[in-house]
Amino acid sequence: MAATAANRRVILKDYVEGYPKEEHMELLPATEVPLRLTSDDPPGSVLVRNLYLSCDPYMRPKMSRPLRASYTAAFVPGSVITGYGVARVVDSSDPRLSPGDLVWGITGWEDYSVVKPPVTAFLSKISHGADGGVPLSYYTGILGMPGLTAYVGFHEICAPKAGETVFVSAASGAVGQLVGQFARLAGCRVVGSAGSAEKVELLKSKFGFHDAFNYKEEPDLAAALARCFPEGIDIYFENVGGAMLDAVLLNMRVHGRIAVCGLISQYNLKDGEKDAVRNLFAVIAKRLKLQGFIEPDHKHLYPKYEEWVLPYIRDGTIAYVEDVAEGLENAPKALIGLFHGRNVGKQLVRIAADDE
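Residues numbered from 1 in each chain as written. Predicted model: local features only at pLDDT ≥ 70, side-chain atom pairs only at ≥ 80, totals over all residues. Heavy atoms only, no water.

A. Here's a closer look at the overall build of the protein. For the protein, the helix and strand inventory stands at 8 helices and 15 strands. A globule of 356 residues ought to have a C-alpha radius of gyration of about 21 Å, and the protein, at 21 Å, matches this closely. If one aligns the C-alpha atoms of the protein with their principal axes, the spans along those axes are about 65 × 45 × 35 Å. Taking all 356 residues of the protein together, 54% fall into the buried category. In the protein, the proportion of contacts linking residues at least 24 apart, taken out of those at least 6 apart, comes to 70%. When the 37 basic and 42 acidic side-chain charges of the protein are each reduced to a single mean position, those positions are 4 Å apart. (Helix = DSSP H or I, 4+ residues; strand = E, 2+ residues; numbered from the N terminus. Rg over C-alpha atoms; globule rule 2.2 N^0.38 Å. Buried < 20%, exposed > 50% of the residue type's maximum accessible area, 1.4 Å probe, protein only. Contact = heavy atoms within 4.5 Å. Lys, Arg positive; Asp, Glu negative; His and termini not counted. Charge placed at Lys NZ, Arg CZ, Asp CG, Glu CD.)

So, in structure tokens, the structure goes:
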């Protein structure tokens, strides 16, 4: 093995207001980095070769100036962008991990990353990779953060019962496509919304949604939901916020449950432009449970989730669609595409072959 390797890095150039653009990020020229940990790396550090990078909506708020209300630290202009990914361990002083191990967790948007404590706690060893019949890329999605998010929000927070009605917004995305299939497996009737005819067809033909609609073609979202749910919605898996949430509140059934995973419609709006929630009275009138949550709070449930979902993946009961961009140089464009609905399925970036 060579003593050094060329390392390219994608940095955030400055804080973003409004929609991010490719010029907000920069791919720096490659520099040589050592292929061993150094004395500057604290005990418990791990050097990894990144293979896949995940593009996720939560990364957009991290591009804005730090807010006290945020649950995650903002990116630092001039520093490498970080996010979930799949990598191979090159060197390690973490007793859990050895060279050659495959891991998923928080890493950098670069060819090689030194992951240091406490972030190493978010690196999980992959035990069911390609040799186990599961694509490694799935650990950016169905077997990674989006998968656990879907499982926790639907099964743990919403506690579905067979025969209930379920609505999923942004339903063709990394989380939504799973929630819809989990709902079907639970014996629920599930309807999803998406932003194109192609995605609506995917929900019904690939993921088994009982119905779906293109929200861009509905002048009255509340009326569209009333059409799809004439007796109301028992469970809403919230990925969007804004006008969709307001419409859903009017259509919830008494004692309905809402799991708030994301608010992607609001992430690119400037202060003062964000949508108000006008129908919040329905939370009281209908005795609704509305709970926000984030995946890191529920890491202890991952082994339970993985054991539950792997058989469904292997026998084809659960389908998963990925939108794969090739090359680190295309990572900024792929991330930006999320906020314009360009991706079909889980957006990720492949930056190296699985065997590198």
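B. Expanded view of the pattern of salt bridges. A complete count under the given rule lists 15 salt bridges for this structure. Ionic pairing is found between Asp 101 and Lys 125, a salt bridge with its closest N-O pair at 3.8 Å. Taken together, the residues span a long stretch of sequence, with Asp 101 in the loop between strand E4 (82-92) and strand E5 (102-108) and Lys 125 in strand E7 (residues 124-125) at a distance of 24 residues. Here Lys 125 falls in the partly exposed class, since its relative accessible area comes to 47%. (Salt bridge = Lys/Arg side-chain N within 4 Å of Asp/Glu carboxyl O.)

In short, geometric facts, not functional conclusions.
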